[in-house]
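# Analysis of the macromolecular model
So you can see what is in the structure, the chains are spelled out below.
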Amino acid sequence: MDLLKKYFRFFLDLIAYYYGLIFYPDKKGYVPPIDDQLLLLRATEISDKIKRKLIKAEDVITAYLKRIEQTNPLINSVIQVRNQAIDDARDIDERLATDGEDAVDCYGTRLHELPLLGVPFTCKDSVSIKGMGWVSGLVARKDIVATDDAAVIRNMRRAGAIPIALTNIPELLFWWDAHNNVFGRTKNPYDASRIPGGSAGGDAASLCCCSSLIAVGSDLGGSIRIPAYHCGVFGHKATSKVIPIEGKNPPINPEKEIIFSFGPMTRYASDLKPMLKAMAGPDIRKLAKIDLRPDLSKLKVYFMEGDNDPLKTSLHPEMLQALRIVVTHLKEKFGINCIKYDFEEFKYTLPMLKASIQETRSVPMSVEMTDRKGDLNPFIELAKFISGLSEHTLGAIAVAINERIVPSPSSPLQQANLRLREELKEKFRNLLGDKGVFLYPSFPEPPCKHGTTLLKVANVTYQSIFNVLDVPATQCPVGLTSDGLPLGVQVVSNPQNDHYCLAIAEEIERAFGGWIPPFPIEKY
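In this numbering scheme, every chain counts its residues from 1 along its sequence in written order. Per-residue local features are limited, in this predicted model, to residues with pLDDT of at least 70; the limit for side-chain atom pairs, both in listing and counting, is 80 or more; totals at the level of whole chains, interfaces and linings are taken over all residues. Excluded from the side-chain calculations are hydrogens and water; all other atoms, namely the structure's heavy atoms, are used.

This part is about the overall build of the protein chain. On a plain count of helices and strands, the protein chain comes out with 16 helices and 13 strands. In terms of overall size, the protein chain behaves like a compact globule, its C-alpha atoms giving a radius of gyration of 22 Å where 524 residues would be expected to give roughly 24 Å. Seen through its principal axes, the protein chain has C-alpha atoms that stretch 70 × 60 × 45 Å. Each residue is assigned to one of three classes by its accessible area relative to the maximum for its type, calculated with a 1.4 Å probe on protein chains only: buried under 20%, partly exposed between the two thresholds, exposed over 50%. Taking all 524 residues of the protein chain together, 61% fall into the buried category. In the protein chain, once contacts between residues fewer than 6 apart in sequence are set aside, the share between residues at least 24 apart is 76%. In the structure as shown, the protein chain presents an accessible area of about 20200 Å², 54% of it carried by carbon and sulfur atoms. Residues counted as positive are Lys and Arg, residues counted as negative are Asp and Glu, and His and the chain ends are not counted. Each charge is placed at NZ for Lys, CZ for Arg, CG for Asp and CD for Glu. Charged side chains in the protein chain number 63 positive and 63 negative. The centres of these two groups are separated by 3 Å. What counts as a helix is a DSSP run of H or I of at least four residues, what counts as a strand is a run of E of at least two, and both are numbered from the N terminus. Radius of gyration: over C-alpha atoms. The globule rule applied is 2.2 Å multiplied by the number of residues raised to the 0.38 power. Contact criterion: two residues are considered in contact whenever any of their non-hydrogen atoms come within 4.5 Å of each other. Values of accessible area rely on a 1.4 Å probe in the Shrake-Rupley scheme; residue burial ignores everything except the protein chains shown.

Here the focus is the pairing of strand β13 (residues 486-493). Remember that side chains alternate between the two faces of the sheet whenever the strand is regular. Of all the 8 residues making up β13, 8 are buried; the element is thus mostly covered by neighbouring parts of the structure. Along β13, one buried face is formed by Pro 486, Gly 488, Gln 490 and Val 492 and the opposite face, lined by Leu 487, Val 489, Val 491 and Ser 493, is buried too. Pairs of strands are assigned from DSSP output, requiring at least two bridges between the strands. Both strand β11 (residues 436-441) and β13 contribute to a ladder of 5 bridges, which runs antiparallel. By the bridge assignment for β13, Val 437 is matched with Ser 493. Where strand β12 (residues 473-480) lies against β13, 6 bridges are found, and the strand directions are antiparallel. Looking at the pairing, Cys 476 lines up with Val 489 of β13. The hairpin formed by β12 and β13 contains 5 residues between the paired strands, and Gly 484 there has a positive phi angle of roughly 80°.

Okay, the packing of helix α10 (residues 349-360) against helix α14 (residues 412-432) next. To characterise two packed helices, one gives the angle between the axes of the helices and the distance between these axes. Structural elements are reduced to axes, namely lines fitted to C-alpha atoms, with helices fitted over the stretch in contact, and the angle between N-to-C directions of any two is expressed from 0 to 180 degrees. Two numbers describe how α10 lies on α14: the axes approach to 9 Å, and their chain directions differ by 105°. Judged on the interaxial angle alone, α14 and α10 are roughly perpendicular. Of the residues in α14, those touching α10 at Pro 351, Met 352, Lys 354, Ala 355, Ser 356, Gln 358 and Glu 359 are Gln 414, Asn 417, Leu 418, Leu 420, Arg 421 and Leu 424. Angle categories are assigned with fixed cut-offs, so that under 35 degrees is roughly parallel, over 145 is roughly antiparallel, 65 to 115 is roughly perpendicular, and the rest are oblique.

Here we come to the packing of aromatic side chains. Aromatic rings from Phe, Tyr and Trp, taking only the six-membered ring of Trp, are treated as a pair when their centres fall within 6.5 Å; an angle between ring planes under 30 degrees marks them as stacked, one over 60 as edge-to-face, and anything in between as tilted. One pass over the structure, following the stated rule, counts 21 aromatic pairs. Centroid distance Tyr 268 to Trp 515: 6.2 Å. Interplanar angle 85°. Geometry classified as edge-to-face. In this pair, Tyr 268 is assigned in the loop between β8 (261-266) and α8 (272-280) and Trp 515 in the segment after α16 (498-512), connecting sequence segments 247 residues apart. Judged by its relative accessible area of 9%, Tyr 268 is buried. Relative to Phe 438, the ring of Phe 346 has its centre 6.1 Å away and its plane inclined at 70°; by these criteria the two rings are edge-to-face. Within this pair, whereas Phe 346 is found in the loop between β10 (339-340) and α10, its partner Phe 438 is found in strand β11, the two being separated by 92 residues in sequence.

Inspection of the secondary structure assignment puts Ala 473 in strand β12. When sequence neighbours within four positions are dropped, the list of residues in contact with Ala 473 reads Arg 225, Gly 235, His 236, Lys 237, Phe 466, Gln 490, Val 491 and Val 492.

Relative to the elements of secondary structure, Ser 223 occurs in the loop between β6 (214-219) and α7 (225-230). Judged by relative accessible area, which is 10%, Ser 223 ranks as buried. Sequence-distant contacts of Ser 223, defined by excluding residues within four places in its chain, comprise Lys 124, Leu 173, Gly 198, Ser 199, Ala 200 and Ser 218.

What follows is about the packing of helix α12 (residues 378-386) against helix α13 (residues 394-405). Between α12 and α13, the least distance of the axes is 9 Å, while the angle of their chain directions is 150°. Considering the angle they form, α12 stands roughly antiparallel to α13. Our pair here, α12 against α13, has a crossing hand that is left-handed. Between α12, through Pro 378, Phe 379, Glu 381, Leu 382 and Phe 385, and α13, the contact on the second element is made entirely by Leu 394, Ile 397, Ala 400, Ile 401, Arg 404 and Ile 405. Just so you know the grouping, Ala, Val, Leu, Ile, Met, Phe, Trp, Tyr, Cys and Pro go in nonpolar, Asp, Glu, Lys and Arg go in charged, and all remaining residues, Gly too, go in polar. When its residues are assigned to classes, the contact of α12 with α13 shows 9 nonpolar, no polar and 2 charged. With the far helix as reference, a near helix turned anticlockwise by less than a right angle produces a left-handed crossing, and one turned clockwise produces a right-handed crossing.

Let us look at the nonpolar core. Counting residues in hydrophobic clusters, the biggest one holds 156 residues, and the most contacted among them are Met 156, Val 216, Phe 346, Phe 428, Phe 438, Leu 439 and Phe 466. Each residue touching Phe 346, except ones within four places of it in the same chain, is listed here: Met 304, Asp 307, Lys 312, Leu 424, Phe 428, Phe 438, Tyr 440, Ile 465, Phe 466 and Leu 469. Note on terminology: a nonpolar core comprises buried Ala, Val, Leu, Ile, Met, Phe, Trp, Tyr and Cys residues joined through side-chain atoms within 4.5 Å.

On to the sheet that holds strand β3 (residues 162-167), then. Here 11 strands make up an open sheet; going across it, the order is β1-β3-β2-β6-β8-β7-β12-β13-β11-β9-β10 and the pairing mixed. The open sheet has two edge strands, β1 (78-81) and β10, and neither has a second partner. Of the pairings in the sheet, the one linking strand β9 (residues 300-303) to β11 comprises 4 bridges and is parallel in character. When the sheet's bridge partners are listed, Lys 300 is paired in β11 with Gly 436. Strands in contact with α14 are β9, β11 and β13; relative to β11, the strand with the most contacts, it is inclined by about 120°.

Its 12 residues give α13 an end-to-end C-alpha distance of 16 Å, which sits within 8% of 16 Å, the value for a rise of 1.5 Å per residue. Within α13, burial applies to Gly 395, Ala 396, Ile 397, Val 399, Ala 400 and Ile 401. Next to the buried residues of α13 lie α11 (365-368) and α12. Expected span of a helix, by definition, is 1.5 Å for each gap between consecutive residues, and there is one gap fewer than residues.

Once that is clear, we can look at the pairing of β6. Counting buried positions along β6 gives 6 out of 6 residues, so the element sits mostly inside the fold. Of the two faces of β6, both are covered, the one formed by Ile 214, Val 216 and Ser 218 as well as the one formed by Ala 215, Gly 217 and Asp 219. Taken together, the 3 bridges between strand β2 (residues 120-124) and β6 define a ladder with parallel strand orientation. The residue bridging Cys 123 from the neighbouring strand is Val 216, located in β6. Relative to β8, β6 is paired through 6 bridges, and the arrangement is antiparallel. Bridge pairing in β8 places Ala 215 opposite Met 265.

Looking now at the environment of Lys 56. Note on placement: Lys 56 falls in the loop between α2 (43-51) and α3 (57-75). What makes Lys 56 exposed here is its relative accessible area of 51%. Residues Lys 56 and Ala 89, spaced 33 residues apart in sequence, show a C-alpha to C-alpha distance of 8.0 Å. Apart from the residues within four sequence positions on either side, Lys 56 is in contact with Ile 50 and Asp 93.

Take it as geometry only, folks, not as evidence of what the structure does.
Structure (structure tokens):
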């Protein structure tokens, strides 16, 4: 049976290869270089320099808005710019100029205490920002405007950060490419013929080409880490129930918040922790150890070289090598005994993920696709799509069809999948304990061509397995392939041990360079 699956996988990969070759020839080196050194500063550097009046918040925001104007016609990552960001920045500069270190914000907090003062950030179209569109990539919502900030956006503002733009996503988030019929297709900054990943593909592409610095992400099945990998930046799926989820569309049932989490996406590893703390606000207390600086030599490191599932694309040799060089680095620098470990259960991630999403969702995809005003027939919608008459994307239709054909949550098969999930979760967490981390490839292959994601959907389980296990995970860039495309590795820990993930992410950045710009860059 495995041999037949391998032949089937080979056949699908062959179709994808020739489809991409014919319809999407490579297009590299198309993103222009930056012309303002402010775009290279880390978030923590920007905040510090603004407080010391070495730079102005207005100049920072202006630089990023200008960069969006420059890059967006090429990559289509931003769907709406927030022009009020300039006013927010001017207000900061004026308060600092008038009151200096005694300056306070509208909440009465001293500006010098705000960790992200004046730092620009972007956010995906599914999270509400007052006065901006809240479309979620759905044609039926194209005229909807948010009347309030999501809780996570309020927390970011209270940390001093300034929202500057909304970014592109797949329709209703449920696919791994940033493409919808309202705002079109986002392109990968390393190669315009390839996907940026999803759902936060717009954010990841913007981060990569310096039209964003940090971004608010959300992760149900890899939606932070998949695009972060595809665009060569950092993304962290936080321990669940730490960052408030109100203000996301489609909404998540708080009582079933077991595989979903918000988290930070950043160009630089050192910005992950301050952004995570800002996003969580007062709830950061749930991560009691977040400010501890772990001694990496005391950690136990386990790693796994792919899951050998015949339905997934074979692990790319350079991706395997990226994992191995990280393992070797940790061994040699910190004297860690890194242990190879294989979870046979990882092969069954896709059925466990489907059962978990089904358990989490309270409203079917076919209802969400009408903005909860009806219930479409996805099979009829597929016929309309083939005829060119549907307002929905093939990915969304495929998700809706899948929901119709999978067994009910109470069926013996789905209950067996959920039991397997719980058994694997216990096994995984027992292995890591309180001092363990787990390294795993970020994806089996480099970013694929546009239009081929349906043929490769099983590949996303390299990331979604950690949603199934309900554990924090960080995607870290580890250089580029010989073809100039991103490589990456995931660092995973047990819940509440996010600080281990973030500390190793910073070490990986120090050792291997982190984000590599897809354009020539002058060292300032």
